[in-house]
Amino acid sequence: MNQTTKKQHYIWRSYLAPWTRDNSNKGQIFCRREGRIFPVSLMNVAHENYFYEVKELSKREIELIHGMTIRGKTGIQKTVGENWLNLYCASFKFARAVGKYLPGNDEKVFEAITATQEFKDYNIESIEKLHGKIETQGMEYVKLLREDNIGFWENEIGREDFSYFLANQYFRTKKMRNRILYTLENARNMNPYFKDIRPENMWIPLSLILASYTGAGIISDYSIVLLHTDNGQFIVGDQPVINTYSVSDRNGPPEDIELFYPITPQTALLVTKKQQYKNEKMLKITSDDVQAFNTLEWNASSEMVFAKESEYLERVHTL
């Protein structure tokens, strides 16, 4: 592997491009962070060094992930959960398997393999490249939505692909990482058996599994509707996809799922089971409705919110 990605973005720059001054994935966007509103390049927001680095899981960490997400599942859900967990662990399992066929102490051989730069680079890049593939596929649907085309939702493959893309965008962020870490830290504190788990090692496989389950859950019973505004603009936070039933600071499970996803400053997507939207494809909403959704987006953010024009960050701040 020739080059590793140190600065890993947890919000795709191509997604945020419509909020920049020149509609580019390297353009400047207005950002509000820590009480300040300022223009900033997309290259310098919503990223963290080695955010998706793969780390070896201990036996108890694997047990806890399995117990939280796979045990009790059947059929395709169980298979999908197991496949994600196995994929995440694959590089370390391979290194241990190789150690058994090389001369010397198995553990020392394993340590020597995992200490190589090639092995480290692979573990830094593997999840980054996975998200890159998901982005490439998913952004094709986002482009259609930006053209007011939602016909793909009537197609089973399109519905499946987009649902997973959307759920992945929901779980891959810093906000969701911190929420998963909080849950795991509670489990560690409550059960002495898990006192040695390392939550920071576990959040990525959990996020991949939960994204698959959530995506599968919205394929059949949900409708999508495009929300348009001529009066105002949608802002977007560093947790772009939000569950409108779960935008407070509470960490318990939400009572239901309804996903809201800004598409451009003038368009947003609602994925919902509400009957009032069942026969709607596109809906023009009022400036008050936009402000209400912007407030939800603001409340769901972790550190930053973004806008095409700074005045919309000032407005939501005053609520």
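Quick caveat, the model's predicted, so the values are computed rather than measured.

A. Summary view of the sheet that holds strand β5 (residues 223-228). Taken in spatial order, the 5 strands of this open sheet run β7-β8-β9-β5-β10, and their pairing is mixed. The open sheet has two edge strands with one neighbour each: β7 (242-243) and β10 (282-284). The pairing of β7 with strand β8 (residues 259-262) spans 2 bridges and is classified as antiparallel. Looking across to β8, one finds that N243 is bridged to L259. The strands touched by helix α6 (residues 156-171) are β7, β8 and β9 (267-272); relative to β8, the strand with the most contacts, the crossing angle is about 85°.

B. Quick look at the sheet that holds strand β6 (residues 236-237). In space, the 4 strands of this open sheet follow the order β3-β2-β11-β6, with antiparallel pairing throughout. Among the strands making up the open sheet, the edge pair consists of β3 (36-41) and β6. Sheet analysis places strand β2 (residues 28-33) next to strand β11 (residues 304-307), joined by 4 bridges and oriented antiparallel. Residue R33 lies in a different strand from β11, and its bridge partner there is M304.

C. Region of interest: the nonpolar core. Counting residues in hydrophobic clusters, the biggest one holds 72 residues, and the most contacted among them are Y15, F162, Y261, L269 and F306. Non-local contacts of L269, meaning those with residues more than four positions away in its chain, are made with L145, F162, I224, V225, L226, L259, F260, Y261 and I263. In terms of nonpolar packing, the next biggest core, distinct from the first, is built from 12 residues, V225, F234, I242 and V290 among them.

Criteria and thresholds
- Numbering of residues starts from 1 in each chain and follows the order in which that chain's sequence is written.
- Note on the predicted model: pLDDT of at least 70 is required for a residue's local features to be given, and 80 or more for side-chain atom pairs to be given and counted; whole-chain, interface and lining totals, by contrast, use all residues.
- To get the side-chain values, take all heavy atoms of the structure and skip hydrogens and water.
- One requirement defines pairing of two strands: DSSP has to find at least two bridges between them.
- Counting from the N terminus, the helices are the DSSP runs of H or I reaching at least four residues and the strands are the DSSP runs of E reaching at least two.
- Should any heavy atoms of two residues lie within 4.5 Å, those residues are considered in contact.
- With axes taken as lines fitted to C-alpha atoms, and helix axes fitted only over the stretch in contact, angles between N-to-C directions fall between 0 and 180 degrees.
- In this text, buried Ala, Val, Leu, Ile, Met, Phe, Trp, Tyr and Cys residues form a nonpolar core when linked through side-chain atoms within 4.5 Å.
- Categorising residues by exposure relies on relative accessible area from a 1.4 Å probe, with only protein chains included: less than 20% of the type maximum marks a residue as buried, more than 50% marks it as exposed, and the intermediate range marks it as partly exposed.

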